[in-house]
Amino acid sequence: MPADSLARYLQRLPTLITFFFSVMLVTVFRELSATFGWTTEPSFDIGNLGHVLIALSFVATLFFVVTVWLSYSLLIERFPYTLDYTVFFFDVARFSVLFMIFNFAFLAGHPPHYLYYPAMVSAFHLLMAAWHGHRLRHVAGPERAERAGDVSGHLLRAGTYALLAACYYVIVTLRWASSEPWLLHALLVVATSGLLIYWNARRLHEMKVKVGQAASAGGAA
């Protein structure tokens, strides 16, 4: 295959991921519309705790997913796809997990099944930690240190969300049939959503710093 044809072919692969991301957003917004009856009888009730928790979980998840896409867009510029397809299929897998997480965000209004949400977020970070750990074998220098930091960060997040899932199972899921502890459910939803927003806000700041440093280095060169 000629070099220019190969380049055009590889450039189309990120387009598929972006299309996948777009379809995911359309799908979950349609689910949000159906949940609150936006196209028939809008029914969001600020006095309904379930409605409030769904809205909070949805906003936090939207912020998380968009941050992942922004990070993906930055990395694909630095490390374009190649013909071994490994990175491409990994990106397909992780965006598939993100789609599952986005759907589970609606469980915030349907205890005791919210357990699946922090568990799946934990699984996503374990997947990312495993990926960066695998890549450590193929890099050196500053990039190796960056990858090692990514592994540590994702493991910390995976452990935290796994702990939240375990706490939810013990203090909400196991007790739901007997006492329906809505307050404990709400506190864990707020804690999970708050951590999601906090950590991804930090991620956005780190990306901003890296882009600024790269731009300064390019200008100096």
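Residues numbered from 1 in each chain as written. Predicted model: local features only at pLDDT ≥ 70, side-chain atom pairs only at ≥ 80, totals over all residues. Heavy atoms only, no water.

Turning our eyes to something else, we now look at the overall build of the protein. A tally of regular secondary structure across the protein gives seven helices and zero strands. Along the protein, from the amino end to the carboxyl end, the secondary structure elements read α-α-α-α-α-α-α. Seen through its C-alpha atoms, the protein measures out along the principal axes to roughly 65 × 40 × 35 Å. Of all 221 residues assigned to the protein, the portion counted as buried reaches 38%. Of all intrachain contacts in the protein linking residues separated by at least 6 positions in sequence, the fraction that spans at least 24 positions is 73%. A total accessible area of about 11900 Å² is found for the protein, and carbon and sulfur atoms account for 68% of it. (Helix = DSSP H or I, 4+ residues; strand = E, 2+ residues; numbered from the N terminus. Buried < 20%, exposed > 50% of the residue type's maximum accessible area, 1.4 Å probe, protein only. Contact = heavy atoms within 4.5 Å. Areas by Shrake-Rupley, 256 points an atom, 1.4 Å probe, with all protein chains shown as cover.)

This part covers the pattern of salt bridges. Close approach of charged atoms allows side chains of opposite charge to pair. Across all of its chains, the model carries two salt bridges by this definition. The partner of Arg-94 in a salt bridge is Asp-91, and the shortest N-O contact between them spans 2.8 Å. Here the residue Arg-94 and the residue Asp-91 both occupy positions in helix 3 (residues 86–104), the gap between them amounting to three residues, near one helical turn. With respect to class, Arg-94 is no different from Asp-91; both count as buried. Arg-203 is the partner of Glu-206 in a salt bridge, and the nearest nitrogen-oxygen pair spans 3.9 Å. Taken as a pair, Glu-206 and Arg-203 lie in helix 7 (residues 182–220) at a separation of three residues, close to a single helical turn. Classification of Glu-206 as partly exposed rests on a relative accessible area of 31%. (Salt bridge = Lys/Arg side-chain N within 4 Å of Asp/Glu carboxyl O.)

In this section: the packing of aromatic side chains. In total, this model carries 17 aromatic pairs according to the counting rule given. Linked through ring pairs, Phe-21, Trp-69, Tyr-72 and Phe-95 together constitute an aromatic cluster. (Phe/Tyr/Trp six-rings, centres within 6.5 Å; stacked < 30°, edge-to-face > 60°.)

This part covers the layout of surface pockets. Empty space among the atoms becomes apparent when a probe as large as a water molecule is rolled across them. Taken as a whole, the largest pocket spans an internal volume of roughly 860 Å³. Looking at the lining of the largest pocket, the elements that each hand over two or more residues are helix 2 (49–78), helix 3, helix 4 (116–135), helix 5 (142–173) and helix 7. Sort the elements by how many residues they give to the lining of the largest pocket and helix 5 lands first, with ten residues. Looking at the lining of the largest pocket, its residues break down into 18 nonpolar, ten polar and 14 charged. Volume-wise, the second largest pocket comes out at about 180 Å³. Forming the boundary of the second largest pocket are Ala-7, Leu-10, Gln-11, Pro-14, Thr-18, Tyr-72, Ser-73, Ile-76, Glu-77, Pro-80 and Tyr-81. (1 Å grid on protein atoms, 1.4 Å probe; cavity = no way out; pocket = protein on both sides within 12 Å on 5 of 7 lines; lining within 4 Å. Points joined across faces, edges and corners; volume = space filled by probe spheres on them. Nonpolar A, V, L, I, M, F, W, Y, C, P; charged D, E, K, R; others polar.)

Look at helix 4 against helix 5: their axes get within 8 Å of each other, and the N-to-C directions meet at 160 degrees. On the basis of their axis angle, the class for helix 4 and helix 5 is roughly antiparallel. Between helix 4 and helix 5 lies a crossing of left-handed hand. Across the interface between the two elements, Pro-118, Ala-119, Val-121, Ser-122, His-125, Leu-126, Met-128, Ala-129, Trp-131, His-132, Gly-133 and Arg-135 from helix 4 touch Arg-147, Asp-150, Val-151, His-154, Leu-155, Arg-157, Ala-158, Tyr-161, Ala-162, Leu-164 and Ala-165 from helix 5. Tallied by class, the residues present in the contact of helix 4 with helix 5 amount to 14 nonpolar, five polar and four charged. (Axes fitted to C-alpha atoms, helices over the stretch in contact; angles between N-to-C directions. Parallel < 35°, antiparallel > 145°, perpendicular 65-115°, else oblique. Left-handed = near helix turned anticlockwise from the far one by under 90°.)

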